[in-house]
Amino acid sequence: MMRRYLEIVVTGWLLLAAAAVFAQVEVQPTQRLALVVGNGAYGQTPIEHAQGDAEALGARLQALGFEVLLHRDLNLDQLRTALDQFTGRLAEGAVGLFFYVGHGLQIEGDNYLVPVDAKAGYASEIAEQCLPLSATLNQLAGSGAGNVVALIDAARPHPLRSRSLKKARGLAPMAPPAGVTLMLADAPDSPHRFGPEPMDAADESPQGVFTRALLEALTVPHLTLSQLLRQVQATVGEATLEQRRPWIAGPPTAVIFLNDPLERFGRLLSESSVAD
């Protein structure tokens, strides 16, 4: 009993000491900026949970101190503009997060994100109507941000039909550039599964299984980015009976915490000092 009492006293003293230190120095929180895109309005092949995914993750990131740029149902020009605005605002050393839920496809080993206005055609025509994922990751890496994570949920059959496309397969494996950590919602080249997304029929959640795993992991404080992604990977695998297994490439070069109470504490103190 006495030991527990001493632990509480010491913990309280340390918190007060930390508050005093933060109060006496100029706090410079790291910029945390997120681009969240939910594309679901694809005509005959809509993604019902895309908007719910984007809104739920955006709200969670905002609660963790991120400024969130939230977009829904973007065409190609809008998708490019949103990405330009995002990378243009990332400061040197910032933590950036790009989340995309929507359709994606691979053409001859190259991956593309599908805007809502893309039309069927020959593979070369489809490629011109979509956003190359490799170029997107290169743009993120060239932004000057210290660390960027790209979370891509395109693990479902795409709406574009062409004899020259590899049908019913997931995105191709790829190596992201330095400074970018990539997570795909399913393993590369995995066969797409038609019908309801795993677990969707079991409950009425407005989010897909990948986003639900992200939201769950983001409630746990002090997970490094690597630990968080591995937890998401394990949660999705377990929830889908290993039908789906998220894939990670480009491990972080620094220790990053997306849910960092100390970061939020410093941010609140900084905002309080500005208000005073």
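Residues numbered from 1 in each chain as written. Predicted model: local features only at pLDDT ≥ 70, side-chain atom pairs only at ≥ 80, totals over all residues. Heavy atoms only, no water.

Draft legend 1. Molecular detail of the nonpolar core. Grouped together as the largest cluster of nonpolar side chains are 74 residues, with contacts concentrated most on Phe 98 and Ile 152. Broken down by element, the residue count for this core peaks at six residues, all from strand 3 (residues 95-101). Excluding residues that lie within four positions of it along the chain, Ile 152 makes contacts with Phe 98, Tyr 100, Leu 113, Leu 133, Leu 171, Leu 182, Met 183, Leu 184 and Ala 185. (Core = buried A, V, L, I, M, F, W, Y, C linked by side-chain atoms within 4.5 Å. Buried < 20%, exposed > 50% of the residue type's maximum accessible area, 1.4 Å probe, protein only. Helix = DSSP H or I, 4+ residues; strand = E, 2+ residues; numbered from the N terminus. Contact = heavy atoms within 4.5 Å.)

Draft legend 2. Seen up close, the pairing of strand 5 (residues 110-113). Sheet topology note: the strand 4 (residues 104-107)/strand 5 ladder contains four bridges and is antiparallel. From the neighbouring strand, Ile 107 faces strand 5, where its bridge partner is Asp 110. Linking two consecutive strands that pair antiparallel, namely strand 4 and strand 5, is a turn of two residues; a positive phi of about 50° is found at Glu 108 within it. With two bridges joining them, strand 5 and strand 6 (residues 131-132) adopt antiparallel strand pairing. Bridged to Tyr 112 within strand 6 is Pro 132. (Pairing = 2+ DSSP bridges.)

Draft legend 3. Main features of the packing of helix 2 (residues 50-63) against helix 6 (residues 209-217). At a closest axis distance of 10 Å, the pairing of helix 2 and helix 6 adopts a crossing angle of 10°. When the axis of helix 2 is compared with that of helix 6, the two are roughly parallel. Two secondary-structure elements touch here, helix 2 through Asp 53, Ala 56, Leu 57 and Arg 60 and helix 6 through Thr 211, Leu 214 and Leu 215. Considering only residue class, the contact of helix 2 with helix 6 consists of four nonpolar, one polar and two charged. (Axes fitted to C-alpha atoms, helices over the stretch in contact; angles between N-to-C directions. Parallel < 35°, antiparallel > 145°, perpendicular 65-115°, else oblique. Nonpolar A, V, L, I, M, F, W, Y, C, P; charged D, E, K, R; others polar.)

Draft legend 4. Representation of the pattern of salt bridges within the structure. Applying the stated criterion to the full structure yields three salt bridges. A salt bridge links Glu 55 to Arg 72, with the nearest nitrogen and oxygen atoms 3.1 Å apart. Taken as a pair, Glu 55 in helix 2 and Arg 72 in strand 2 (residues 67-72) lie far apart in primary sequence, 17 residues in all. Judged by relative accessible area, which is 33%, Glu 55 ranks as partly exposed. On the accessibility criterion, Arg 72 (37% relative accessible area) is partly exposed. (Salt bridge = Lys/Arg side-chain N within 4 Å of Asp/Glu carboxyl O.)

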